[in-house]
Amino acid sequence: MPNTKTTQRILWTVLAVALLGMGVYALNDWMRGQVLVKPTRTIAALGMVPDFTLTKQDKTPLSLKDLKGKIWVADMIFTNCEGTCPMLTATMASLQQSLVKKNTGVQLVSFSVDPNNDTPEVLTDYAKQYGADTKTWSFLTGPVSTIYSLAKDGFKLTLDSANADTKEPIVHSERLVLVDRSGVIRGYYDGTADDAQSKILTDIGDLMREEKQ
């Protein structure tokens, strides 16, 4: 007949096994619940970017066709801007660093809303000023009418075309635009906000996961 210590050891073993079994069952049940209630997030389509062909800082052309198959982020700036443009470009520069580290292949595209002044040479100097890697970040210039039509009618961004050919300050949108691989706009973000980068990175991640579904 087992002694008291042996009996206690057996009882503790049985209890431990029972608790372990209950724990495993509870864990499996919780995991099943997580799968069932796991939220799915779809980013809305907000419009299609129209076809365009403009000139990069290295004087080569860039068109919408060249960006097809790539996720990209766009903004509107001009190099003489003393307002929000430095903030927008700094946000894009920080975003580029994060995207390169993650090896995402995402492209950045900055459209000059002052193309009469922002020649390819000027844009090249501007890119260097912000440490831009022009392999994944393009600075575009071209005809005023093309850029203003693209900004206002294509991206649906605020842009005061009345100042396009004057020395008055150019009023333009501070928003960054996320575009998917098919040229569809999927998000707008306040480029001057502290959380702009984190929001864009989150949505880029969701777009990439969406493609795998």
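Right above here is the structure, for reference.
The structure reproduced in this document is the subject of the present report. The residue count restarts for each chain, going from 1 along the sequence in the order it is written. Note on the predicted model: pLDDT of at least 70 is required for a residue's local features to be given, and 80 or more for side-chain atom pairs to be given and counted; whole-chain, interface and lining totals, by contrast, use all residues. Only hydrogens and water are removed before side-chain values are computed, so all heavy atoms of the structure are retained for them.

1. Some words on the side chain of Thr89
Point 1. Strands are runs of DSSP state E lasting at least two residues, helices are runs of H or I lasting at least four, and both sets are numbered from the N terminus onward. With respect to the helices and strands, Thr89 occurs in helix 3 (residues 85-101).
Point 2. A simple rule labels every residue: compare its accessible area, found with a 1.4 Å probe on the protein chains alone, to the largest value its type can have, and call it buried under 20%, exposed over 50%, or partly exposed in between. By relative accessible area, which is 0% here, Thr89 ends up buried.
Point 3. Pairing of N or O atoms within 3.5 Å defines a polar contact, subject to two protein rules: one partner must be a possible hydrogen donor and the other a possible acceptor, and residues neighboring in sequence count only if both atoms are side-chain atoms. Polar side-chain contacts of Thr89 include one of 2.7 Å to the side chain of Tyr126.

2. Description of helix 4 (residues 120-129)
One full turn of an α-helix is made of 3.6 residues, so residues set three or four places apart face in the same direction.
Point 1. Within helix 4, the full set of buried residues consists of Pro120, Leu123, Tyr126 and Ala127. The buried residues of helix 4 occupy an angular sector of 120 degrees when the element is viewed end-on, so they sit on one face. Facing away from the buried side of helix 4 by more than 90 degrees, the exposed set consists of Asp125, Lys128 and Gln129.
Point 2. What makes two residues a contact is simply this: any of their non-hydrogen atoms within 4.5 Å. Next to the buried residues of helix 4 lie strand 1 (53-56), strand 3 (72-77), helix 3, strand 4 (107-112) and strand 5 (137-141).
Point 3. Trailing helix 4 by a residue or two, Gly131 shows a phi angle of about 65 degrees, which is positive. To be clear, the arc concerns the directions from the helix axis to the C-beta atoms.

3. Thoughts on the pattern of salt bridges
Between side chains of opposite charge, a pair can form as their charged atoms come close.
Point 1. Definition used for salt bridges: Asp or Glu carboxyl oxygen within 4 Å of a side-chain nitrogen of Lys or Arg. Counted under the stated rule, the structure contains five salt bridges.
Point 2. Of the charged contacts in the structure, one is a salt bridge between Arg186 and Glu210, with a shortest N-O distance of 3.0 Å. A residue pair is termed long-range when its members are at least 10 positions apart, and Arg186 in strand 7 (residues 185-190) and Glu210 in helix 6 (residues 196-212) qualify at 24 residues.
Point 3. Given a relative accessible area of 25%, Glu210 falls into the partly exposed group.
Point 4. Between Arg209 and Asp206 there is a salt bridge, and its shortest N-O distance comes to 2.8 Å. Here Asp206 and Arg209 lie together in helix 6, a separation of three residues that amounts to about one turn.

4. A few points about helix 3
Point 1. In this analysis, the expected span of each helix is defined as 1.5 Å times one less than the number of residues it contains. With 17 residues, helix 3 should cover 24 Å at 1.5 Å per step; its first-to-last C-alpha distance of 24 Å lies within 8% of that length.
Point 2. Close packing links the buried residues of helix 3 with strand 3, strand 4, helix 4, strand 5, strand 6 (175-179) and helix 6.
Point 3. Asn103, located one to two residues past helix 3, shows a positive phi value of around 55 degrees.

5. Remarks on the sheet that holds strand 7
Point 1. Strand pairing requires that DSSP identify at least two bridges connecting the strands. If you trace the seven strands from one edge of the open sheet to the other, you get 2-1-5-4-3-6-7, paired in mixed fashion. At either margin of the open sheet sits one strand with a lone partner, and together these are strand 2 (61-63) and strand 7. Averaged over all pairs of adjacent strands, the angle between their axes in this sheet comes to 35 degrees, without regard to strand direction.
Point 2. In terms of strand pairing, strand 3 meets strand 6 through three bridges, oriented antiparallel. Note on strand 6: the bridge partner recorded for Val73 is Leu178.
Point 3. Each axis is a line fitted through C-alpha atoms, and for a helix only the stretch in contact is used; angles between axes span 0 to 180 degrees, taken between their N-to-C directions. On the sheet, helix 3 packs against strand 3, strand 4, strand 5 and strand 6 and is oriented at approximately 160 degrees with respect to strand 3.
Point 4. Sheet strands in contact with helix 6 are strand 3, strand 6 and strand 7, and its direction is about 165 degrees off that of strand 7.

6. Thoughts on the environment of Val73
Point 1. Of note, Val73 is situated in strand 3.
Point 2. Residue classification places Val73 among the buried residues on the basis of a relative accessible area of 0%.
Point 3. Counting along the chain gives 127 residues from Val73 to Ile200, while the straight-line C-alpha distance between them is 8.7 Å.
Point 4. The residues touching Val73, leaving out its near neighbours within four places in the chain, are Met92, Leu95, Val106, Gln107, Leu108, Val109, Leu176, Val177, Leu178, Ile200 and Ile204.

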